[in-house]
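Reading the structure
Here is how the chains run, residue by residue.
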Amino acid sequence: MGGCIFCRIAAGELGTEILHRGEGWVAFRDLNPQAPSHFLIVPEKHIPTINELTAIDDQLVGEMIRGAAEIAASEGVAADGYRLVFNCNAGAGQSVWHVHLHLLGGRPFGWPPG
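Residues numbered from 1 in each chain as written. Predicted model: local features only at pLDDT ≥ 70, side-chain atom pairs only at ≥ 80, totals over all residues. Heavy atoms only, no water.

**Brief notes about a nonpolar patch on the surface**
Together, Ile65, Tyr82 and Leu84 line one region of the surface with nonpolar side chains, adding up to about 220 Å² of accessible area. In this fold, leucine 84 is placed in strand E4 (residues 82-86). Leucine 84 gets classed as partly exposed once you look at its relative accessible area, which sits at 33%. (Patch = residues over 30% accessible without salt bridge, like charges linked within 9 Å, V, L, I, M, F, W, Y side chains within 5 Å. Areas by Shrake-Rupley, 256 points an atom, 1.4 Å probe, with all protein chains shown as cover. Salt bridge = Lys/Arg side-chain N within 4 Å of Asp/Glu carboxyl O. Helix = DSSP H or I, 4+ residues; strand = E, 2+ residues; numbered from the N terminus. Buried < 20%, exposed > 50% of the residue type's maximum accessible area, 1.4 Å probe, protein only.)

Here it is in structure tokens:
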């Protein structure tokens, strides 16, 4: 998907610093962080929303979540706690049409989320 910003980042076309890389996914800092530690974990494969995931993607999503836990540990936020968020469609706050997992940490979070 030539116009997808996350596809371009994952492919290394934009010079974004990839801080972590896993099997089929990459992680980088969010450009508009909502917490001291705010990473986006995106699959290299273009998938517009969670609704388009299939059974073929189960391992990929599991690896993204496990990767998030490893990133949280390496960032020093695992012990105090962190939040993982997938937004699906505009009503839930999705603004880039490529599945991505937010990892937020380094500050307290309330419930219910905003």
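Next comes the rest of the write-up.
**Looking at the state of the cysteines**
In protein chemistry, a disulfide is the covalent bond that joins the sulfur atoms of two cysteines. By the definition in use, this model includes zero disulfides. Cysteine cysteine 4 shares no disulfide, and the gap to the nearest cysteine sulfur, in cysteine 7, comes to 3.7 Å. Its relative accessible area of 10% is what places cysteine 4 among the buried residues. No disulfide involves cysteine 88; its nearest neighbouring cysteine sulfur is the one of cysteine 4, lying 15 Å away. (Disulfide = S-S within 2.5 Å.)

**Some details on the side chain of histidine 100**
Relative to the elements of secondary structure, histidine 100 occurs in the loop between E4 and strand E5 (101-105). With a relative accessible area of 7%, histidine 100 lands in the buried category. A polar side-chain atom of histidine 100 sits 2.7 Å from the main-chain carbonyl oxygen of histidine 98. Discounting residues that sit within four places of it in the chain, histidine 100 has contacts with Phe6, Leu40, Ile41, Val42, Val85, Phe86 and Gln94. (Polar contact = N/O pair within 3.5 Å; in protein donor to acceptor, adjacent residues only side chain to side chain. Contact = heavy atoms within 4.5 Å.)

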